[in-house]
6 protein chains.
Amino acid sequence: MTAQRTAIYPGTFDPVTNGHIDLMQRAVQLFDRLVVAVALNPKKSPLFPQEQRVQFIVDATEGLANIEVVPFNCLLTEFAQSKNAKAIIKGLRAVSDFEFELQMGLMNRNLDEKMETLFMIPSQEYSFLSSNLVKEIAGLGGNIANLVPPGVNQRFKEIKS
Amino acid sequence: MTAQRTAIYPGTFDPVTNGHIDLMQRAVQLFDRLVVAVALNPKKSPLFPQEQRVQFIVDATEGLANIEVVPFNCLLTEFAQSKNAKAIIKGLRAVSDFEFELQMGLMNRNLDEKMETLFMIPSQEYSFLSSNLVKEIAGLGGNIANLVPPGVNQRFKEIKS
Amino acid sequence: MTAQRTAIYPGTFDPVTNGHIDLMQRAVQLFDRLVVAVALNPKKSPLFPQEQRVQFIVDATEGLANIEVVPFNCLLTEFAQSKNAKAIIKGLRAVSDFEFELQMGLMNRNLDEKMETLFMIPSQEYSFLSSNLVKEIAGLGGNIANLVPPGVNQRFKEIKS
Amino acid sequence: MTAQRTAIYPGTFDPVTNGHIDLMQRAVQLFDRLVVAVALNPKKSPLFPQEQRVQFIVDATEGLANIEVVPFNCLLTEFAQSKNAKAIIKGLRAVSDFEFELQMGLMNRNLDEKMETLFMIPSQEYSFLSSNLVKEIAGLGGNIANLVPPGVNQRFKEIKS
Amino acid sequence: MTAQRTAIYPGTFDPVTNGHIDLMQRAVQLFDRLVVAVALNPKKSPLFPQEQRVQFIVDATEGLANIEVVPFNCLLTEFAQSKNAKAIIKGLRAVSDFEFELQMGLMNRNLDEKMETLFMIPSQEYSFLSSNLVKEIAGLGGNIANLVPPGVNQRFKEIKS
Amino acid sequence: MTAQRTAIYPGTFDPVTNGHIDLMQRAVQLFDRLVVAVALNPKKSPLFPQEQRVQFIVDATEGLANIEVVPFNCLLTEFAQSKNAKAIIKGLRAVSDFEFELQMGLMNRNLDEKMETLFMIPSQEYSFLSSNLVKEIAGLGGNIANLVPPGVNQRFKEIKS
């Protein structure tokens, strides 16, 4: 018998993109349970309220087993401990991602020496994608249908009209 | 019941350093079995024969459960499949590591679309350490006792005398 | 007979620097027409109004043939299409520029698969220069006369007094 | 009337990959003539002779108009001048590419102040691809059919058997 | 007889961390006098007033000889000249630090061609540490006792209660 | 009274370039004595013998006071100790330099915890310059007169004829 393996995938997800969803689909293959943790993150002044950001992900991952989407507003390491997770998952698109995430990973290890950060490679097809870029393009009237889940695209259309 | 999770940690390990051992200790906590795969890698003209490189790791990981150290000389993705592994583990020390490993990870995904690469953060205390640097310092008579397992240090002393 | 080749050089230009002007001088040699496109960019809270930013460039490029300076406030790819341009020009000073511009270039290709981004190397003598740094130094009373066109320098002097 | 615009795309191309071909297809859209310049480059000990490397590209670009494939073995800036080219084209996949190519671009500008280097973004689908990686994978028996033109793939098969 | 060597170590220090203190301890070994220059920096909206930021450093460096902690609010090169310093000291943790600091160093050389910037390596144990991260963790109730001097830790506790 | 401050500037210098000379001129302003340490470095298969590489630098720095040029072939930290130096000087041109030099600096601190590495910024005008590039261009018949000291340029001319 083997222990249940839980991993945490944290982020602001404002809003979730197809790149995030791709990573979730990859990560659930490697662990027994994946907890997607949606940060409140008031300092970033998110466009969508936390509740809405959670719901976007719940809708977009409907068919995926072993996934749990939850809001949080505390230290990530404490939240991970409360979920009995031993690993934090992060996607790495670029060098600038890497340096920031390395810093965060070392800080999280400083706060909890047993907490490992695992970096995964998103699909190449989404390597240029970020939530900020999606918002910028949508704000200028560009088409984001192939960049975000249908529910997110729909919401942007409602905002505009 | 959950499936057994196997990960592969590949490298030339010429020779294994304390940084590699640290990563192995972290990785065995996250998976049910860790296969350390020692590449033949004739193009790099290794200082130590493959067999010796395997033995160094076997000796240095004696106390670790769920670890298997094996030589290989084929495509990494094929080797990983033969071990029923779904994930390749790599340590990331620096940006230059990251770019090379990202390239390899994408190529491995091209060869086997189900094979994920997971990057882990080595202990900060070994972030400057590499097999090449160890060989260079030992070659100039420097002390490497705190950089490699005892068996490797001993072997360098025998070479010199 | 060959077709007319138009390239777009977009930016906020708040304000234009000698580094930007150097790049314009290089780019007009390579294309039949260069359209300098000055973005409204309200999110960056520019110091100078868009109209003023356009005028600074018009004044500084007076002697250059085949150059057109225009304001815009829409998706860059749509603007480029309206100008019949097939290439977007960007200057690359540093790795951080590169990663951001690579992301933008891939996004623009996603929005218009025929739109190429061409990165050019600014003169070494201006490799440290940015609009933000110019504003910071001028704000602290530093001399920017060798960093910006005369009209921009003059305007900063008027602001101060 | 406008002048004819010629650009040079230099490299060792040992062998040409689908990533190189993709870049050629993009570059011929932007210039009136593209000269693919295949360097002798004895220091890199190429696997294929220069003549063969030229032929691979000639075969793979058969349908492309306005392209010329030629060997060279001199200073790139002198070769470009002899072809009346004002621009050197290079593909940028990663930060490490960028730094090396920036250095080369500045050196080439030092040797000929009118010679501009233009960096282009290869297709994302080939961002992990390099001639060295192709040779390594083919050497280990991996499938490279989707990474190189048919002629190159065929030649690797002949070598192996 | 040799001249007195003065170096400047500038920053916002909002607040000073153990990483900054480690760098000060290293720098005072190399120069006859080290001037720690605390910038007003209103654009960054510091959490602590300039006076308080100076005091934190004064308290934390009590045992160090040849160190002077002073506020400043002008061009760094002018401030350095007023202190008769020929070198600016900066710590480099990561590539992103490096690019920004390289830009600043070149700009400062542009403003004063005799002013050299010297980059030093902070202790590995603090390579992930930044003032912003400290504020973020303290804001979420995390323990920062091993990341900042005692006086800073005490002040954060007072803020919270 | 203040102590004499000695710094070491190590390298292979195969051959010395104007970029190296520029850095020496800057470094001697900051320390009482600068020891230029020319490594034997057989692994790099230098083009010029160590003795010749030393002589090139001696000739090019004739007018500079407080500089000493010496060959060495041992651990750098041991050599620095023998010269009573507390600091190693390195030039940083690019991110790739930075990562390699950071690794070396941390390793040297591991071998001697009192040994600091100081990174300096070379003149922008030489930021693209390296000994390898000089050899490559000279080998292809290019003009290197503005890249190296006169003695080095002369020697390349003799080799060619």
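Bear in mind the structure is a predicted one, so any value in this text is a computation, not a measurement.

1. Some points on the overall build of chain A
- Within chain A, the regular secondary structure consists of 6 helices and 5 strands.
- Beginning at the N terminus, the succession of helices and strands in chain A can be written as β-α-β-α-β-α-β-α-β-α-α.
- Its C-alpha atoms give chain A a radius of gyration of 16 Å, near enough to 15 Å, the size a compact globule of 161 residues would have.
- Structurally, chain A occupies a C-alpha span of about 50 × 30 × 30 Å along its principal axes.
- In chain A, which comprises 161 residues, the share counted as buried stands at 60%.
- Of the roughly 6900 Å² of accessible surface on chain A, a fraction of 48% belongs to carbon and sulfur atoms.
- Looking at charge distribution, chain A has the averaged site of its 16 positive side-chain charges lying 1 Å from that of its 17 negative ones.

2. Examining the interface of chain E and chain A
- Taken residue by residue, the interface counts 16 residues in chain E and 11 residues in chain A.
- In this assembly, chain E packs against chain A so that about 1100 Å² is buried in total across both faces, 65% of it on carbon and sulfur atoms.
- When the buried surface of chain E facing chain A is broken down by residue, Phe128(E), Leu133(E) and Leu140(E) rank first, second and third, together holding 47% of it.
- Joining chain E to chain A, the criterion identifies 0 salt bridges.

3. Structural notes on the environment of Gln103(B)
- Structurally, Gln103(B) is set in helix α4 (residues 95-111).
- According to the relative accessible area criterion, Gln103(B) is buried, its value standing at 19%.
- Residues within four places of Gln103(B) in sequence aside, it is in contact with Arg93(D), Phe128(D), Leu129(D), Ser130(D) and Leu133(D).

4. Observations regarding the interface of chain A and chain B
- Taken residue by residue, the interface counts 30 residues in chain A and 30 residues in chain B.
- When the buried surface of chain A facing chain B is broken down by residue, Arg5(A), Leu30(A) and Ile121(A) rank first, second and third, together holding 23% of it.
- Viewed at the interface, chain B and chain A are joined by 4 salt bridges.
- Counting across the chain A and chain B interface gives 13 residue pairs in polar contact (both at pLDDT 80 or more).

5. Considering the side chain of Asp112(E)
- Within the fold, Asp112(E) resides in the loop between α4 (95-111) and β5 (116-120).
- When neighbours within four sequence positions are excluded, Asp112(E) is seen to be in contact with Thr77(E) and Gln81(E).

6. Here's the deal with the relation of the copies chain E and chain A
- Overlaying chain E on chain A yields an RMSD of 0.0 Å, the required transformation being a rotation through 120° with an accompanying axial translation of 0.0 Å. In short, the pair behaves as if placed about a three-fold rotation axis. Every residue of chain E has its C-alpha some distance from the rotation axis, and the shortest such distance is that of Ser96(E), at 4.2 Å.

7. Some remarks on the pattern of salt bridges
- What the rule picks out here adds up to 61 salt bridges over all chains.
- A salt bridge links Glu68(C) to Arg33(C); the nearest nitrogen and oxygen atoms lie 2.8 Å apart. Here Glu68(C), found in strand β3 (residues 67-72), pairs with Arg33(C), found in strand β2 (residues 33-39); they are 35 residues apart in sequence, far enough to count as distant.
- Here Arg5(F) makes a salt bridge to Asp32(E), at a shortest N to O gap of 2.5 Å. In this pair, Arg5(F) sits in the segment before β1 (6-11) while Asp32(E) sits in the loop between α1 (18-27) and β2 (33-39), so the two residues belong to two different chains. The burial state of Arg5(F) is the same as that of Asp32(E); both residues are buried.

8. A closer look at the arrangement of the chains
- Across all C-alpha pairs, the smallest distance from chain B to chain C is 11 Å, and the two are not in contact.
- Regarding chain A and chain F, which are not in contact, the minimum distance between any of their C-alpha atoms is 11 Å.

9. Examining unusual backbone geometry
- A cis amide bond, omega 0°, links Asp14(A) with the succeeding residue Pro15(A).
- With respect to the helices and strands, the residue Pro15(A) is situated in the loop between β1 (6-11) and α1 (18-27).
- Look at Asn41(C): it is not a glycine, yet its phi comes out positive at around 50°.
- For Asn41(C), the location among the structural elements is in the loop between β2 and α2 (50-60).

10. Observations regarding the relation of the copies chain A and chain B
- When chain A is brought onto chain B, the operation consists of a screw motion whose angular component is 180° and whose axial shift is 0.0 Å, with 0.0 Å RMSD remaining. What we have between these two chains is a two-fold relation. Closest approach to the rotation axis within chain A is made by the C-alpha atom of Phe119(A), at a distance of 2.4 Å.
- The fraction of interface residues of chain A whose copies in chain B are also interface residues reaches 100%, indicating that both copies meet through the same surface.

11. Some remarks on the confidence of the model for chain A
- In the predicted model, chain A carries a mean pLDDT of 94, and 98% of its residues have values of at least 70.
- Here the complex is predicted with pTM 0.94, and the ipTM for its interfaces comes to 0.94.

12. A few points about the packing of helix α4 (residues 95-111) of chain A against α4(B)
- Where α4(A) contacts α4(B), the two axes come as close as 10 Å, and the packing angle between them is 125°. By the angle class used here, α4(A) and α4(B) are oblique. The two elements α4(A) and α4(B) cross, and the hand of that crossing is right-handed. Contact residues: Val95(A), Phe98(A) and Glu99(A) in α4(A); Val95(B), Phe98(B) and Glu99(B) in α4(B).
- In the contact of α4(A) with α4(B), the residues fall into 4 nonpolar, no polar and 2 charged.

13. Digging into helix α6 (residues 150-160) of chain D
All names here are of chain D.
- Taken as a whole, α6 has its buried residues at Val152, Asn153 and Phe156. Down the axis of α6, the buried side of the element spans an arc of 100°, and every buried residue falls inside it.
- Buried residues in α6 make contact with α2 (50-60) and α5 (131-139).

14. Concerning the pairing of strand β4 (residues 87-91) of chain D
All names here are of chain D.
- Counting buried positions along β4 gives 4 out of 5 residues, so the element sits mostly inside the fold.
- For strand β1 (residues 6-11) and β4, the ladder comprises 2 bridges, and the chain directions are parallel. Pairing of Ala7 across the sheet is with Ala87, part of β4.
- In this structure, β4 lies alongside strand β5 (residues 116-120), joined through 5 bridges in parallel fashion. Within β5, the position partnered with Ile89 by the bridge is Leu118.

15. Remarks on the packing of aromatic side chains
Residues and elements named next belong to chain D.
- Counted according to the given criterion, the structure contains 30 aromatic pairs over all chains.
- Plain terms: the ring middles of Tyr9 and Phe13 are 5.3 Å apart, the flat faces sit at 80° to each other, and that makes the pair edge-to-face.
- Looking at Tyr9, the relative accessible area reads 6%, which means it is buried.

16. Let's talk about helix α5 (residues 131-139) of chain B
- Those residues of α5(B) lying buried are Ser131(B), Leu133(B), Val134(B), Ile137(B) and Ala138(B). Along the axis of α5(B), the buried positions cluster into a sector of 160°, meaning they face one direction only. The exposed set on the far side of α5(B), more than 90 degrees from its buried face, consists of Asn132(B) and Gly139(B).
- For α5(B), the elements touching its buried residues are α1 (18-27) and α6 (150-160) of chain B together with α4 (95-111) of chain F.
- Taken from the residues just after α5(B), Gly141(B) is the one with a positive phi, measuring 85°.

17. A look at the environment of Gly139(B)
- The residue Gly139(B) is located in helix α5 in this model.
- It is 32 Å that separates the C-alpha atoms of Gly139(B) and Leu75(B), two residues lying 64 residues apart in sequence.

Calculation criteria
Residues numbered from 1 in each chain as written. Chains lettered and ligands numbered in written order. Predicted model: local features only at pLDDT ≥ 70, side-chain atom pairs only at ≥ 80, totals over all residues. Heavy atoms only, no water. Helix = DSSP H or I, 4+ residues; strand = E, 2+ residues; numbered from the N terminus. Rg over C-alpha atoms; globule rule 2.2 N^0.38 Å. Buried < 20%, exposed > 50% of the residue type's maximum accessible area, 1.4 Å probe, protein only. Areas by Shrake-Rupley, 256 points an atom, 1.4 Å probe, with all protein chains shown as cover. Lys, Arg positive; Asp, Glu negative; His and termini not counted. Charge placed at Lys NZ, Arg CZ, Asp CG, Glu CD. Contact = heavy atoms within 4.5 Å. Buried area = accessible area lost by both parts, 1.4 Å probe. Salt bridge = Lys/Arg side-chain N within 4 Å of Asp/Glu carboxyl O. Polar contact = N/O pair within 3.5 Å; in protein donor to acceptor, adjacent residues only side chain to side chain. Least-squares fit on C-alpha atoms with pLDDT ≥ 70 in both. pLDDT = per-residue confidence, 0-100. Axes fitted to C-alpha atoms, helices over the stretch in contact; angles between N-to-C directions. Parallel < 35°, antiparallel > 145°, perpendicular 65-115°, else oblique. Left-handed = near helix turned anticlockwise from the far one by under 90°. Nonpolar A, V, L, I, M, F, W, Y, C, P; charged D, E, K, R; others polar. Arc of directions from axis to C-beta. Pairing = 2+ DSSP bridges. Phe/Tyr/Trp six-rings, centres within 6.5 Å; stacked < 30°, edge-to-face > 60°.

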